[in-house]
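Fold and contact review
So you can see what is in the structure, the chains are spelled out below.
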Amino acid sequence: MVSSVENTFWNKLPKPFFCLAPLADVTDPAFRRVIAKYGKPDVLWTEFVSADGLFKGGYDALIKGLQYTEEERPIIAQFFSREPELMAKATELATEMGFDGVDVNMGCPDENVCKQGAGAAIMKDPERAQAIILAMKEASAKSSRPIPVAVKTRIGYNENEVETWIPQILSAKPDVLTIHARTKKEMSKVAAHWDVVKRVVEIRDEIQKDDAVKTLIIGNGDVVDIADARTKAEETGCDGVMLGRAIFGNPWQFASEHGDRPDLKGRLAVLAEHIKLFDELLTGKRSFATMKKHFKSYIQGPDGDKQLVIKLMEEARTPKEALEIIEGYQI
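Now for a quick tour of the structure. This one's a predicted model, so the numbers in the text were calculated from it and none came from an experiment.

**Some points on the overall build of the protein**
Across its full length, the protein carries 13 helices and eight strands. A globule of 331 residues ought to have a C-alpha radius of gyration of about 20 Å, and the protein, at 20 Å, matches this closely. Taking the principal axes of its C-alpha atoms as reference, the protein extends roughly 60 × 45 × 35 Å. Out of the 331 residues belonging to the protein, those deemed buried represent 56%. For the protein, long-range pairs separated by at least 24 residues make up 72% of all intrachain contacts whose partners lie at least 6 apart in sequence. Summed over its atoms, the accessible surface of the protein is roughly 14100 Å², and 49% of this surface lies on carbon and sulfur atoms. If the 45 positive side-chain charges of the protein are averaged to one point and the 51 negative ones to another, these points end up 3 Å apart.

**As for the packing of helix α6 (residues 126-142) against helix α7 (residues 162-170)**
Following both chains from N to C, one finds α6 and α7 inclined at 30°, their axes separated by 9 Å at the closest point. As summarised for this structure, α6 and α7 are arranged roughly parallel, according to the angle between their axes. Here the hand of the crossing between α6 and α7 comes out right-handed. Residue-level contacts link Pro-126, Ala-129, Gln-130 and Ile-133 of α6 to Trp-165, Gln-168 and Ile-169 of α7. For the contact of α6 with α7, the per-class residue count stands at five nonpolar, two polar and no charged.

**Considering the environment of Phe-18**
Here Phe-18 lies in strand β1 (residues 17-20). Between the C-alpha atom of Phe-18 and that of Asp-211, which follows or precedes it by 193 residues, the distance is 24 Å. Setting aside residues no more than four positions away along its own chain, Phe-18 makes contact with Pro-41, Asp-42, Val-43, Ile-226, Ala-229, Arg-230, Val-241 and Phe-254.

**A few points about the side chain of Arg-32**
With respect to the element layout, Arg-32 can be found in helix α1 (residues 29-38). A polar side-chain atom of Arg-32 sits 3.0 Å from the main-chain carbonyl oxygen of Thr-27. When near neighbours in sequence (up to four residues on either side) are disregarded, Arg-32 contacts Thr-27, Leu-44, Trp-45, Thr-46, Glu-47, Gly-65, Gln-67, Tyr-68, Glu-72 and Ile-75.

**Points about the packing of helix α11 (residues 292-299) against helix α12 (residues 306-315)**
Packing of α11 against α12 brings their axes to within 10 Å, and their N-to-C directions diverge by 170°. For the element pair α11 / α12, the angle class is roughly antiparallel. Contact residues: Lys-292, Phe-295, Lys-296 and Ile-299 in α11; Leu-308, Val-309, Leu-312 and Met-313 in α12. Its residues assigned to classes, the contact of α11 with α12 comprises six nonpolar, no polar and two charged.

Cut-off values and rules
- Residues numbered from 1 in each chain as written.
- Predicted model: local features only at pLDDT ≥ 70, side-chain atom pairs only at ≥ 80, totals over all residues.
- Heavy atoms only, no water.
- Helix = DSSP H or I, 4+ residues; strand = E, 2+ residues; numbered from the N terminus.
- Rg over C-alpha atoms; globule rule 2.2 N^0.38 Å.
- Buried < 20%, exposed > 50% of the residue type's maximum accessible area, 1.4 Å probe, protein only.
- Contact = heavy atoms within 4.5 Å.
- Areas by Shrake-Rupley, 256 points an atom, 1.4 Å probe, with all protein chains shown as cover.
- Lys, Arg positive; Asp, Glu negative; His and termini not counted.
- Charge placed at Lys NZ, Arg CZ, Asp CG, Glu CD.
- Axes fitted to C-alpha atoms, helices over the stretch in contact; angles between N-to-C directions.
- Parallel < 35°, antiparallel > 145°, perpendicular 65-115°, else oblique.
- Left-handed = near helix turned anticlockwise from the far one by under 90°.
- Nonpolar A, V, L, I, M, F, W, Y, C, P; charged D, E, K, R; others polar.
- Polar contact = N/O pair within 3.5 Å; in protein donor to acceptor, adjacent residues only side chain to side chain.

By themselves these figures say nothing about function.
So this is what it looks like as structure tokens:
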């Protein structure tokens, strides 16, 4: 058994700590820079990146998603694949790029990902899941700069399976385990089962009661702000809480207990900054259409302007056009 990496940044964080979830086409390098500036969480994740794509012909395109700045530390690189060998290579890449940790996605419900036998589909193959974690830990241990290995998963595929699934994961002793408190089947259509997160913590404590370094447990699902996260951590005993959808339109989320946002003028200024960063870092590499999901999120609120959202959605086909609309808007 490859041992866990001791004395990492994870073990130095205050408890509970608060993390930003990896969100595909959302927490890209541009948005992460905005978040790090206006409301930095205790830990940041990259979007998930396909290890198969990286090492089977798509390196030049995918590596762009792993850009990060020193201001984002500690930052975790997240990858997905069903192949232990490729996840080991991804771990080696993460150590070479200077990431503070690496994470394997074992919970993504996207059908295209699951058809590859990756993401949530790995829950159907616990032995493969264990092999992936161990391969990543071995690759990290062999590097000149070992980094901790984390796992992000769900409570089950079609139903709650934590009594069998979690012990199988913990047997490989990942440094960190993030639990999205829903099954793959449930997607995000039902309320997150935080009572199950509490049970996961209990299982960890039972299995690792004699271990000097225990796997840290992070709860995830339906967390609205830091105050809510603190309550959920207290109720479940988890070491940290991960916020995902709460970050939409609110890079200030981690800066206060209730994710207070500035007025519309202030939000538009940061949206413009976000667009400029997208243009600088991602134009030519990603479609600007991925930015459109942010327009409504930034603008909506008691002082929001529905017509401005419509104008941006219908007329802003490029960063330049979006900036012109925002700069010409009269509050």
